[in-house]
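Here are the chains, one letter per residue:
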Amino acid sequence: MPAETHPDIIFTKVDEAPQLASASLLPIVKSFAAVANVKVGVRDISLAGRIIAAFPENLTDAQHKNDDLAFLGEVVKTADANIIKLPNISASVPQLVAALKELHSQGYDIPKYQENPLTKSEKDIRSRFDTLKGSAVNPVLREGNSDRRAATAVKNYSMANPHTMGLWEADSRTYVSTMSKDDFFTNEKSATLRANQAGIAHIELLGKDSSVRVLKSDVEYHAGSVVDATFMSAKALSEFLSAQLTDTKKNGVLFSIHLKATMMKVSDPIIFGHAVKAYLSNVFEKYGQELAEVGANANSGMGALISTIKGSSKSSEILAAINEATDANPPLYMVNSDKGITNLHVPSDVIIDASLPALIRAGGKAWGPDGNESDTNCVIPDSSYAPVYDESIKYFKENGALDPTKSGTVQNVGLMAQKAEEYGSHPTTFEIPADGKVRIVLENGEILHEHNVEKGDIWRSASTRQAPINDWVQLALERQSNENCQAIFWLDETRPHDAELIKYVKPILEEANATDKFQILNPRQATRLSLETISKGEMSIAVTGNVLRDYLTDLFPILELGTSAKMLSIVKLMDGGGLFETGAGGSAPKHVQQLMDENHLRWDSLGEFCALGESLKYLATVKNNKKARVLGEAVDQATQGILDQNRSPGRKVSQPDNRTSHFYFALYWAKALATQSDDLELAGHFEPIAKALSENENTILEDFSSPKGKPADTGGYFHNDDQKTEKIMRPSNVFNKIIKLFKFLFIQIH
């Protein structure tokens, strides 16, 4: 891979608030890193960038973009990979359509999204769009397992400066509801493949008329892989959702449904669509034909549904029927009460790993349509992981809220390499087109798994390869040895998939003489024990599969730190490189809106600071660059300074924002480098820089504050204008000159 296209460190260009923040932070990072001969590059994995790369046919030369995601997919398989990955949009269909609309307005000749493709050309276009939906990025880049934990400085700061916690009461009416039969959990089958079972398999639907329809061909399975198959009954799901609407109204609480329509981009939008249909059951019964004629799709949510209805000759009737259904049903959990955006408006608006931790932190309260907080029925259709949230709510009802000033911490070691488990199941998930039997047929002709299914059922298969499993257990051993604390494998021996994993886990622990250092508990038991542990101020390591990695690295940080955006996330790539992730981006849309309204960006780049320090120190080890290590250690000191001096962004326009935080990060970084003694050349270089930043502090801060309070135009939401964004995010000429012209510092500034 040519050096000019593979710099020492690669930052990812992403979306929304993290990308706006990068326009301010990256010039600082590049200038500092260059002094240590570290080249920092950028690769575009934003939603807009991926759309443009996927449809080059009708674009001008100036509009063309390389497929940077594919490029990075190759980089992560190299020993010297060093990537800092910021949170990107995992696009729902409404987000994809909105991004397309913006690109069209900017003159990009890209095909429209085909909701119901008919021709071969339309189906080809749709298939390309499907590769962009949901979590299209993470499975490509995560060629290693996950090590996530709160950095010591962040944890100490959170304990000294605790976030607010809602009051939990024993008589809270908030509760979790989940299916007890015919869901993914209860229908799961799993097997570990022998050598003679490996090869190219296919998935087929055997109809009741003995016809065979191939759902997926060329499915490659490796010896030692754990291969699962399961389905959710559409009939059972509809009955469950109808019952929950009735029970919710009877109990006088809000109705809320919590899914992961981004990562589970095939199954969960379908489940979401069932919820919309259940809520509007009378509407679909009476106006089903009219809704079909205008292309209304419940899977896209009520927002898109209402917009599509405007094209019907009976739009006023249908809208009136929707209002009647709203009055007849329980009140909905609201995404935005002021704007009337409900839980059912957009499938990607309420994401389980963000929504439920926030609700639990708030004492079980959620916002209702009247603008007031209320208890809620937290509906999680599939019961695989619902016990985590159910047990958390029960624990806090019994014991009251967690005290952030005294709590311990839950670290995570997550199995996610090579598209492990459910998060890699998108290509093998299907809404069943007819009654029959779904079968996985191996290359040797053997039927591995089969299920009797009905039309509309959601069937899926997932696989987890042996090498990532072994690596995951080894990483758990390493982390437990480093921390010498409680460590739990969150595995349920009664679940077929987990039972297969346990067959790998136990022998590795025995060989390492570490069986007594780990417990294996099901998710409910592990949740209870982990909460008891951190309530005593102690530490626990959660060793989990891919989904629970995602869920728990939001749940516990939000309770402990108030946010999951400040976690240290290190992915040790299977081939030796490093991927450094910067935290969650769930609140990013609100941050962008505030910037557009009043030129205030409250995005906190603490996750980026932590990742940068680790990336530089990793680079120092791999490439024997001693200056890079000095830079990395100075980043840690600068991050500590941001926390100690309370230089993180505030929420209000009158408070310092992201740009101010970046100035202080540069100042503290320069001071740390100027005063260290490990590299006197670096110290001499940064001494005048630190002095210039200190002397010009008031001028720079005034430059930052003067434009605030007024609307800011970035030239786009999904695909902003680089020059406009730079002008907004880098408003201080003095600061820019110091950062850009280190070599000519005194000429330019004095």
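Conventions used here
Residues numbered from 1 in each chain as written. Predicted model: local features only at pLDDT ≥ 70, side-chain atom pairs only at ≥ 80, totals over all residues. Heavy atoms only, no water. Helix = DSSP H or I, 4+ residues; strand = E, 2+ residues; numbered from the N terminus. Buried < 20%, exposed > 50% of the residue type's maximum accessible area, 1.4 Å probe, protein only. Polar contact = N/O pair within 3.5 Å; in protein donor to acceptor, adjacent residues only side chain to side chain. Contact = heavy atoms within 4.5 Å. Expected span 1.5 Å × (residues − 1). Bend = angle between axes of the 7 residues up to and from the residue. Pairing = 2+ DSSP bridges. Phe/Tyr/Trp six-rings, centres within 6.5 Å; stacked < 30°, edge-to-face > 60°. Lys NZ or Arg CZ within 6 Å of the ring centre and 35° of its normal. Axes fitted to C-alpha atoms, helices over the stretch in contact; angles between N-to-C directions. Salt bridge = Lys/Arg side-chain N within 4 Å of Asp/Glu carboxyl O. 1 Å grid on protein atoms, 1.4 Å probe; cavity = no way out; pocket = protein on both sides within 12 Å on 5 of 7 lines; lining within 4 Å. Points joined across faces, edges and corners; volume = space filled by probe spheres on them. Nonpolar A, V, L, I, M, F, W, Y, C, P; charged D, E, K, R; others polar. pLDDT = per-residue confidence, 0-100. Parallel < 35°, antiparallel > 145°, perpendicular 65-115°, else oblique. Left-handed = near helix turned anticlockwise from the far one by under 90°.

1. Here's the deal with the side chain of His600
In step 1: Among the structural elements, His600 can be located in the loop between α19 (588–598) and α20 (606–623).
In step 2: Exposure remark for His600: the relative accessible area of 0% places this residue in the buried category.
In step 3: At a separation of 3.1 Å, a polar atom in the side chain of His600 contacts the side chain of Lys708.
In step 4: Setting aside residues up to four positions removed in sequence, His600 forms contacts with His591, Gln594, Leu595, Gly650, Arg651, Lys652, Val653, Gln655, Pro656, Asp657, Arg659 and Lys708.

2. Digging into helix α23 (residues 680–695)
In step 1: Taking 1.5 Å of rise per residue, the 16 residues of α23 would be expected to cover 22 Å, and the 23 Å separating its terminal C-alpha atoms lies within 8% of that figure.
In step 2: Phe686 marks the point of greatest bend in α23, at about 30°, and the proline Pro688 comes within the next four residues.
In step 3: Listing the buried residues of α23 in full gives Leu682, Ala683, Phe686, Pro688, Ile689, Ala690, Ala692 and Leu693.
In step 4: One side-chain oxygen of the residue at the start of α23 lies 3.1 Å from the amide nitrogen of Glu681, identifying that residue as Asp679.

3. Looking at the environment of Ile9
In step 1: Among the secondary structure elements, Ile9 is positioned in strand β1 (residues 9–13).
In step 2: We classify Ile9 as buried; its relative accessible area is 0%.
In step 3: Placed 74 residues apart in sequence, Ile9 and Ile83 show a C-alpha to C-alpha distance of 5.8 Å.
In step 4: Setting aside anything within four residues of it in sequence, one finds Ile9 in contact with Val38, Lys39, Val40, Gly41, Asn82, Ile84, Ser615, Leu616 and Leu619.

4. As for the pairing of strand β24 (residues 567–573)
In step 1: Of all the 7 residues making up β24, 6 are buried; the element is thus mostly covered by neighbouring parts of the structure.
In step 2: In this structure, strand β4 (residues 144–150) lies alongside β24, joined through 7 bridges in antiparallel fashion. The residue bridging Asn145 from the neighbouring strand is Lys572, located in β24.
In step 3: In this structure, β24 lies alongside strand β25 (residues 578–581), joined through 4 bridges in antiparallel fashion. Bridging from a neighbouring strand, Ile570 pairs with Phe580 of β25.
In step 4: The antiparallel pairing of β24 with β25 creates a hairpin that spans 4 residues between the two strands, and Gly576 there sits at a positive phi of about 110°.

5. Topic: helix α9 (residues 267–279)
In step 1: The end-to-end C-alpha distance of α9, which contains 13 residues, comes to 19 Å, matching closely the 18 Å that a straight helix rising 1.5 Å per residue would cover.
In step 2: Within α9, 12 of the 13 residues are buried, leaving the element largely enclosed by the surrounding structure.
In step 3: Three or more residues of α9 are buried, namely Ser267, Asp268, Pro269, Ile270, Ile271, Phe272, Gly273, His274, Ala275, Val276, Ala278 and Tyr279.

6. Quick notes on the packing of aromatic side chains
In step 1: The tally for this structure, following the rule as stated, stands at 20 aromatic pairs.
In step 2: Consider the rings of Tyr389 and Tyr551, whose centres lie 6.0 Å apart with planes at 45°: the pair is tilted. One end of the pair, Tyr389, is in helix α14 (residues 386–399); the other, Tyr551, is in helix α18 (residues 546–560), and 162 residues separate them in sequence. Summarising the burial analysis for this pair, Tyr389 and Tyr551 share the class buried.
In step 3: Through successive ring pairs, a cluster of aromatic residues spans Phe32, Phe609, Phe665, Trp669 and Phe686.
In step 4: Looking at Arg43, its charged tip hangs above the ring of Phe71, at a distance of 3.7 Å from the centre.

7. Describing the sheet that holds strand β19 (residues 447–453)
In step 1: With respect to topology, 4 strands assemble into an open sheet ordered β8-β7-β18-β19, the strand pairing being antiparallel. Both outer strands of the open sheet, β8 (212–221) and β19, are each paired with one neighbouring strand and no more. Strand-to-strand twist of the sheet, defined as the mean angle between neighbouring strand axes without regard to direction, takes the value 15°.
In step 2: Judged from the 7 bridges that link them, strand β7 (residues 199–207) and β8 form a sheet pairing that is antiparallel. Looking at β8, one finds that Ala201 is bridged to Val219.

8. What to know about the pattern of salt bridges
In step 1: Counted by the stated rule, this structure contains 39 salt bridges.
In step 2: For Lys503, the salt bridge identified is with Glu500, shortest N-O distance 3.0 Å. Here Glu500 and Lys503 lie together in helix α16 (residues 496–511), a separation of 3 residues that amounts to about one turn.
In step 3: Among the residues examined, Glu500 registers a relative accessible area of 11% and is labelled buried.
In step 4: What you see here is one network of salt bridges that share partners, running through Asp390, Glu391, Lys394, Glu398, Arg524 and Arg528.

9. Overview of the sheet that holds strand β5 (residues 175–177)
In step 1: The strand order across the open sheet formed by 3 strands is β5-β15-β10, and the pairing between neighbours is parallel. In this open sheet, the two edge strands, each paired with only one partner strand, are β5 and β10 (254–257). Looking at each pair of strands side by side, their axes are set apart by 25° on average, direction ignored.

10. Some remarks on empty space enclosed by the protein
In step 1: Taken as a whole, this structure holds 9 cavities of 30 Å³ or more when the rule is applied.
In step 2: Within this model, the largest cavity holds a volume of roughly 240 Å³.
In step 3: In this structure, the largest cavity is lined by 19 residues; those nearest its centre are Met264, Asp268, Asp382, Tyr385 and Tyr551.
In step 4: Those elements that provide at least two residues to the lining of the largest cavity are α9 and α18.
In step 5: Looking at side-chain class alone, the lining of the largest cavity contains 12 nonpolar, 2 polar and 5 charged residues.

11. Structural notes on the confidence of the model for the chain
In step 1: Per-residue confidence for the chain gives a mean pLDDT of 93; residues scoring 70 or more make up 97%.
In step 2: Between residues 745–750, whose pLDDT stays under 50, and residues either more than four places distant or in other chains, the model counts 12 contacts.

12. A few points about the environment of Leu561
In step 1: Of note, Leu561 is situated in the loop between α18 and β24.
In step 2: With relative accessibility at 8%, the residue Leu561 sits in the buried group.
In step 3: The sequence separation of Leu561 and Val154 amounts to 407 residues, and the corresponding C-alpha distance is 7.9 Å.
In step 4: The contact partners of Leu561, leaving out residues within four places of it in the chain, are Ala150, Val154, Lys155, Ser158, His163 and Met567.

13. Here we look at unusual backbone geometry
In step 1: The backbone of Gln418 shows a phi angle near 55°, a positive value even though the residue is not glycine.
In step 2: Residue position: Gln418 is located in the loop between β16 (409–414) and β17 (429–431).

14. With respect to the packing of helix α10 (residues 281–293) against helix α12 (residues 315–328)
In step 1: Between α10 and α12, the shortest axis-to-axis distance is 11 Å and the interhelical angle comes to 155°. What the angle tells us is that α10 and α12 run roughly antiparallel. Relative to α12, α10 is oriented so that their crossing is left-handed. Only Glu317, Ile318, Ala321, Ile322 and Ala325 of α12 make contact with α10, whose side of the interface consists of Val283, Tyr287, Glu290 and Leu291.
In step 2: Of the residues that constitute the contact of α10 with α12, the class distribution is 7 nonpolar, no polar and 2 charged.

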